[in-house]
Amino acid sequence: QVLVVEAGGGLVQPGESLRLSCAASGIILRMNAMRWYRQAPGKQRELVASISSDDTTNYGDSVKGRFTISRDNAQHSIYLQMNSLQPEDTAAYYCNAEGLHSAFRRFNSWGQGTQVTVSS
């Protein structure tokens, strides 16, 4: 079993920055893609950013140019640097990780989420 834990959310004013982190733990034989999603009240969960095992990145249109995803393969971790935050970025942010764990079984694990609130 692979456990995913996010951290770094909080309350910020418009224009400020936050850095989220996500760490996966367990017997991980191979980590494939890791992703950040977010879900605002009354809205569907949307993909914010993803990073593959070869560090290829993709971003949702609403965050391109403001958010940056990165990973630390040795720590099975990813980060989301969020700059120029706006009220519409307010949401619960979730980390998703997929790969192979013990006995070469596939896993696709989600964290519990971390709240980001952007308000003046």
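Everything below is about the structure shown above.
**Q** Explain unusual backbone geometry here, please?
**A** Backbone phi values are negative for most residues with the exception of glycine, while trans is the configuration of most peptide bonds. A positive phi is found at His76, a non-glycine position, where the angle reads about 50°. Relative to the helices and strands, His76 is located in the loop between β7 (67–72) and β8 (77–82).

**Q** How should the nonpolar core be read in this particular structure?
**A** Membership of the largest hydrophobic core comes to 29 residues, with the highest contact counts inside it found for Trp36, Leu80, Met82 and Tyr93. Here Leu80 is in contact with Leu18, Arg19, Leu20, Trp36, Val48, Ala49, Phe67, Thr68, Ile69 and Tyr93, once residues within four sequence places are set aside.

**Q** Just to check I follow, could you spell out the sheet that holds strand β1 (residues 3–7) for this structure?
**A** Note on sheets: strands pair through backbone hydrogen bonds, and any given pair is parallel or antiparallel. Taken in spatial order, the 4 strands make up an open sheet running β1-β3-β8-β7, and their pairing is antiparallel. The sheet is open, and its two borders are formed by β1 and β7, each paired with just one other strand. This sheet shows a mean twist of 15° between the axes of neighbouring strands, independent of strand direction.

**Q** When you look at the packing of aromatic side chains in this model, what are you seeing that I'm missing?
**A** Two measures describe an aromatic ring pair: the distance that separates the ring centres and the angle between the ring planes. All told, the structure shown has 1 aromatic pair when counted by the stated rule. With a centroid separation of 5.0 Å and an interplanar angle of 50°, the aromatic rings of Tyr37 and Trp110 are classed as tilted. Taken together, the positions of Tyr37 in strand β4 (residues 28–39) and Trp110 in strand β10 (residues 105–110) put the pair 73 residues apart, joining distant regions of the chain. Note on Tyr37: relative accessible area 19%, which makes it buried. Here the basic side chain of Arg19 rests over the ring of Tyr79, its NZ or CZ set 4.2 Å away from the ring centre. One residue, Arg45, lies across the ring of Tyr94, its end atom 3.9 Å from the ring centre.

**Q** Can you help me understand the state of the cysteines in this one?
**A** A disulfide bridge is the covalent bond that connects two cysteines by way of their sulfur atoms. Using the criterion set out here, one finds 1 disulfide in the structure. Cys22 shares a disulfide with Cys95; S-S distance 1.9 Å. Disulfide Cys22 to Cys95: torsion about the S-S bond roughly -75°, handedness left-handed. Linking Cys22 in strand β3 (residues 18–25) with Cys95 in strand β9 (residues 91–101), this pair joins segments that are 73 residues apart in sequence. Each member of the pair, Cys22 together with Cys95, is buried.

What counts and what doesn't
- Residues numbered from 1 in each chain as written.
- Predicted model: local features only at pLDDT ≥ 70, side-chain atom pairs only at ≥ 80, totals over all residues.
- Heavy atoms only, no water.
- Helix = DSSP H or I, 4+ residues; strand = E, 2+ residues; numbered from the N terminus.
- Core = buried A, V, L, I, M, F, W, Y, C linked by side-chain atoms within 4.5 Å.
- Buried < 20%, exposed > 50% of the residue type's maximum accessible area, 1.4 Å probe, protein only.
- Contact = heavy atoms within 4.5 Å.
- Pairing = 2+ DSSP bridges.
- Axes fitted to C-alpha atoms, helices over the stretch in contact; angles between N-to-C directions.
- Phe/Tyr/Trp six-rings, centres within 6.5 Å; stacked < 30°, edge-to-face > 60°.
- Lys NZ or Arg CZ within 6 Å of the ring centre and 35° of its normal.
- Disulfide = S-S within 2.5 Å.

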